[in-house]
Amino acid sequence: MTWSTTVDSEAGRLNCHALTPERFADMETVMGERGVARSCFCMHWRRPDGGYDDERPNRDRFADIAATGPPPGLIGYIAGEPVAWVQVGPRSDFPTISRSRLLKPVDDTPSWSINCFVVKVGHRRNGIGAGMLAAAIDYAKTQGARVIEAYPVDGERSSAVDYFTGTLGMFQDHGFVELLRRNDTRPIVRLVVS
């Protein structure tokens with residue numbers, strides 16, 4: 001049986017399921033028809049050093065990841081409608097983080113990473129991101145994570161793209177503590193779970 005949980009949000013009960021190949025079409029629905037989420041398809045953090053050696057769309061690359069498992073994140077549903085996505089997995093699955101001058105690891109502690117949220121247009125600002133965060137923490141714990149890191153934005157930003165990693169307040173509300181800041185608006189936060 002595939003992992004799932006239900007959490008509360010301001011928009012109602014949020015049923016969260018691990019992304020499996022059978023749910024991939026629901027992820028496509030959340031990503032939308034166009035825009036940054038659709039073109040990135042959560043491959044930014046997964047890009048190998050030197051980039052990709054083919055011209056395939058990110059959607060196809062991510063479909064391969066979902067098909068071969070383990071689940072790379074969670075899909076959230078309200079009343080059966082797919083409305084949100086969160087990417088969560090071992091930090092080692094996300095080589096871009098290690099190469100980032102702002103987000104590179106603080107230490108050698110093995111950790112999981114929560115690094116991307118997408119909430120479908122028409123469902124934003126209803127606590128769905130916070131609900132997806134709660135589900136991602138629970139999922140990571142059930143998969144054996146003892147430390148979870150994230151890279152939220154702190155402060156007002158000019159573009160919605162900046163909010164794909166979540167907000168500092170959202171993570172603090174779930175017990176994450178700030179470890180380090182290499183610039184004014186992008187802290188690295190950590191949660192130690194038991």
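Just above sits the structure.
Predicted model, so just to flag it, every value in this text is computed and none were measured. (Residues numbered from 1 in each chain as written. Predicted model: local features only at pLDDT ≥ 70, side-chain atom pairs only at ≥ 80, totals over all residues. Heavy atoms only, no water.)

Novice: Residue-level account of the pairing of strand β8 (residues 187-192), with values.
Specialist: Counting buried positions over the six residues of β8 gives five, a clear majority of the element. Strand direction decides the pairing type here: strand β6 (residues 147-150) and β8, joined by four bridges, are antiparallel. In the strand pairing of β8, V147 is matched with V192. Taken together, strand β7 (residues 177-181) and the strand that follows it, β8, pair antiparallel across an intervening segment of five residues. (Buried < 20%, exposed > 50% of the residue type's maximum accessible area, 1.4 Å probe, protein only. Helix = DSSP H or I, 4+ residues; strand = E, 2+ residues; numbered from the N terminus. Pairing = 2+ DSSP bridges.)

Novice: Quick rundown of the packing of aromatic side chains? Include the residues and the values.
Specialist: Aromatic ring pairs are described here by two measures, namely the spacing of the ring centres and the angle between the planes. By the definition in use, this model includes six aromatic pairs. Centroid distance W45 to Y151: 6.3 Å. Interplanar angle 35°. Geometry classified as tilted. In this pair, W45 is assigned in the loop between α2 (36-40) and α3 (58-68) and Y151 in the loop between β6 and α6 (168-172), connecting sequence segments 106 residues apart. The same class applies to W45 and to Y151, which are both buried. A centroid spacing of 6.3 Å and a plane angle of 65° characterise the contact between W112 and Y139, whose relative ring orientation is edge-to-face. Here Y139 lies in helix α5 (residues 128-142) and W112 lies in strand β5 (residues 112-119), a separation of 27 residues in the sequence. (Phe/Tyr/Trp six-rings, centres within 6.5 Å; stacked < 30°, edge-to-face > 60°.)

Novice: Any chance you could break down the state of the cysteines for me, citing the residues and the numbers?
Specialist: Going through the model one piece at a time under the given rule, you end up with zero disulfides. Its sulfur unpaired, C116 is 3.2 Å from the next cysteine sulfur, which belongs to C42. (Disulfide = S-S within 2.5 Å.)

Novice: Give me the nonpolar core: which residues, what numbers.
Specialist: Residues L74, I114, M132, I148, F171 and F176 are the most contacted members of the largest nonpolar core, which totals 33 residues. Taken together, the elements giving at least two residues each to this core come down to β2 (12-18), β3 (73-78), β4 (81-90), β5, α5, β6, α6 and β8. Of the residues forming this core, the biggest block, eight residues, is contributed by α5. Discounting chain neighbours no more than four positions away, the residues touching F176 are I114, L133, I137, I148, E149, A150, F171, V189, R190 and L191. Of all hydrophobic cores here, the second largest spans 17 residues; its members include V30, M31, M43 and A63. (Core = buried A, V, L, I, M, F, W, Y, C linked by side-chain atoms within 4.5 Å. Contact = heavy atoms within 4.5 Å.)

Novice: Could you give me a rundown of α3, with the residues and numbers involved?
Specialist: If you check which residues of α3 are buried, you get N58, R61, F62, A63 and A66. Buried positions along α3 lie against α1 (24-31), α2 and β4. Following α3 by one or two positions, G69 has its phi on the positive side, about 65°.

Novice: Before we move on, could you go through α1 and cite the residues and values that matter?
Specialist: Those residues of α1 lying buried are F24, M27, E28, V30 and M31. All buried residues of α1 project into a common sector of 160° when viewed along the axis, lining one side. G32 lies just past α1 and shows a positive phi near 85°. (Arc of directions from axis to C-beta.)

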